[in-house]
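Below, each chain spelled out in residue letters.
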Amino acid sequence: MRLPGAAVLLCLVDVLHAFAIEEKGDVFQRMACPAFLMFDNAAYLADMTFELPCNCKPKEVSSVIWYFQKNVGSRKTTVLTDFAGTVVVDSGHIHAGSDVLKRFSIRMFSLIVFRAQVTDSGHYLCGTKKGEFFYGYDVDVQPTKHITVAFVDRGQHVQDDYTEKLFSLFTAFWDWTRCDRCGVRGEVRRIGLCYVQSAQLHPRYRAAMPNVTSCGSRAVPAHFQHPGRLRRPEVAIRSCLTPCPKEEVPEEGVQAISNVISKLGEKPWLPRVPTQFHKQPVGSGLIIACPGARPEHAVAWDKDSVRLYRSRYLVGVNKSMRVFIDHGNHLHIQWVQVSDGGTYFCWREGKMVAGFRLSVIYQHRRRRTFNDPETIYAAKAIGMSYVLISIIFIVIHVCRCCRR
């Protein structure tokens, strides 16, 4: 009786699996594509990674192609595909400022853009090779260069709403992040993006709320855009304190003697996290990224036992900062000095996840040859300077002779 029962059970599993696949495929059948192409508004902060799903497509289309346009109807259109829909990008090798063609991936008809930049703002269209469009997005990537920061513990407040006769500007805040540390004082962060409310927005663009869209959206009329550029994205930061989750301790006598012996040589004051060793020459620049962290995550940094709080080390807090944390959660060390050596620990979502052991070294001076690129560049620069000075000298004397 066990053998027929197992066979019936396997058949039921196959039926449920096929039903699940059929249900997943029917998502595109339940949502009909609009007869007139509309654009869904989506706003993000620079250096964030965003995903745009192709919410509708005909049943016979097995792969989609994504197009990028700065403006509707623009002749310059960028094709974001390899014409097979199988582009795979390792987000760990993405550099800020690189072209969007090197920072995207298509997975299950959805477009993923890594470390978005302000230049990535525009229209994203889901369609086919023949130029048939099914779904569109109006993406607004807002800059972090001149972002407004409010430290709540110091009594600082976010920006007030700006109201005019035909429109109003306000900041829409995301939820507070988790506490970036546990067991000690940490910080929580809240990101706010600029939005505009008006009855004169372009009807071709859709948003979550009627008559509301992000400040950089193409739905905003041209005579409204100047005040929108003056309003910056915001970040609010405040202190927090949360306990660490309790770790399960093995019962007495269960732990093996080998584990006890292995712990005898450990240093109890160092956290047990994966640590990477790195050597950096004096005077150079260094940027450290927390493994697996994104700009929207709660990330914190420590140097040995010193907490690098954002209230002191966030970029822009002081005019001259050599060590700072940017809004993408990266730790920057400019003009590395010997005193910067030590172990830097990274917290992600309230848990310490990695260590970075930095050793500062002196570079051995080497004699340059005439074949070095730096020597060639210096020789060209000096030669051009002498030629320019000689021309100016000759012109001045010729003018004096002509006057006489």
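See above for the structure.
Just so it is clear, the model here is predicted, and its values are computed rather than measured.

Q: For this particular structure, what's the right way to read the sheet that holds strand β17 (residues 286-288)?
A: Strand pairing in a sheet is mediated by backbone hydrogen bonds. Such pairs are either parallel or antiparallel. With antiparallel pairing, the three strands of this open sheet are ordered in space as β17-β21-β20. The open sheet is flanked by β17 and β20 (323-325), the only strands paired with a single partner. When strand polarity is set aside, the average angle formed by the axes of neighbouring strands in this sheet is 15°. As judged from the three bridges shared by β17 and strand β21 (residues 331-333), these two strands associate in the antiparallel manner. Each residue of the ladder has a partner; that of Ile-287, found in β21, is His-332.

Q: Would you mind showing me how to read the nonpolar core here?
A: Within soluble globular proteins, side chains that are nonpolar tend to cluster in buried spots. Membership of the largest hydrophobic core comes to 25 residues, with the highest contact counts inside it found for Phe-50, Leu-52, Trp-66, Leu-111, Tyr-124 and Val-139. Counting only elements with at least two residues in this core, the list comes to β1 (39-45), β2 (50-52), β3 (65-69), β5 (104-107), β6 (110-113), β7 (122-127) and β8 (133-142). Ranked by the residues each element gives to this core, the list is headed by β8, at five residues. Setting aside residues up to four positions removed in sequence, Val-139 forms contacts with Ala-42, Tyr-44, Phe-50, Leu-52, Ser-121, Gly-122, Tyr-124 and Arg-218. By size, the runner-up hydrophobic cluster in this structure holds 19 residues, among which are Leu-308, Tyr-344, Val-353 and Ala-354.

Q: Any chance you could explain the environment of Ile-288 here in plain terms?
A: Mapping Ile-288 onto the fold places it in strand β17. Take Ile-288: its relative accessible area is 3%, and that puts it in the buried class. Considered as a pair, Ile-288 and His-330 are 42 residues apart in the sequence and their alpha carbons are 5.7 Å apart. Contacts of Ile-288, omitting those with residues within four sequence positions, involve Trp-301, His-330, Leu-331 and Phe-356.

Q: Would you mind going over the pairing of strand β12 (residues 185-198) with me for this structure?
A: In the case of a regular strand, side chains alternate between the two sheet surfaces. In terms of burial, β12 is largely enclosed, as eleven of its 14 residues are buried. As defined by bridge partners, strand β11 (residues 167-173) adjoins β12 across seven bridges and the pair is classed as antiparallel. Counted as the bridge partner of Phe-167 is Ser-198 from β12. Note that β12 and strand β15 (residues 234-241) share eight bridges and pair antiparallel. Directly across from Gly-186, in β15, lies its bridge partner Cys-240. Sheet topology places β12 next to strand β14 (residues 212-214); three bridges connect them, and they run antiparallel. Its bridge partner being in β14, Gln-197 is matched across the sheet by Val-212.

Q: Sorry, what's going on with the sheet that holds β8 here?
A: In space, the six strands of this open sheet follow the order β4-β3-β7-β8-β1-β13, with mixed pairing throughout. Each edge of the open sheet is held by one strand with a lone partner, namely β4 (78-80) and β13 (205-206).

Q: What's the story with the packing of aromatic side chains in this structure? I'm lost.
A: Given two aromatic rings, their pairing is described by the distance between the two centres and the angle made by the two planes. Scanning the entire structure with this criterion turns up nine aromatic pairs. Seen in terms of ring centroids, Tyr-44 and Phe-50 are 4.7 Å apart; in terms of plane orientation they differ by 15°. Their pairing is stacked. The same class applies to Tyr-44 as to Phe-50, namely buried. Each ring, one from Phe-170 and one from Tyr-195, has its centre 6.2 Å from the other, and the planes form 25°; the classification is stacked. Of this pair, Phe-170 sits in strand β11 while Tyr-195 is found in strand β12, placing the two residues 25 residues apart along the sequence. Here Phe-170 matches Tyr-195 in class, with each residue buried. Each residue in the set Tyr-44, Phe-50, Phe-68 and Tyr-124 is aromatic and connected to the rest through ring pairs, giving one cluster.

Procedures and definitions
Residues numbered from 1 in each chain as written. Predicted model: local features only at pLDDT ≥ 70, side-chain atom pairs only at ≥ 80, totals over all residues. Heavy atoms only, no water. Pairing = 2+ DSSP bridges. Helix = DSSP H or I, 4+ residues; strand = E, 2+ residues; numbered from the N terminus. Axes fitted to C-alpha atoms, helices over the stretch in contact; angles between N-to-C directions. Core = buried A, V, L, I, M, F, W, Y, C linked by side-chain atoms within 4.5 Å. Buried < 20%, exposed > 50% of the residue type's maximum accessible area, 1.4 Å probe, protein only. Contact = heavy atoms within 4.5 Å. Phe/Tyr/Trp six-rings, centres within 6.5 Å; stacked < 30°, edge-to-face > 60°.

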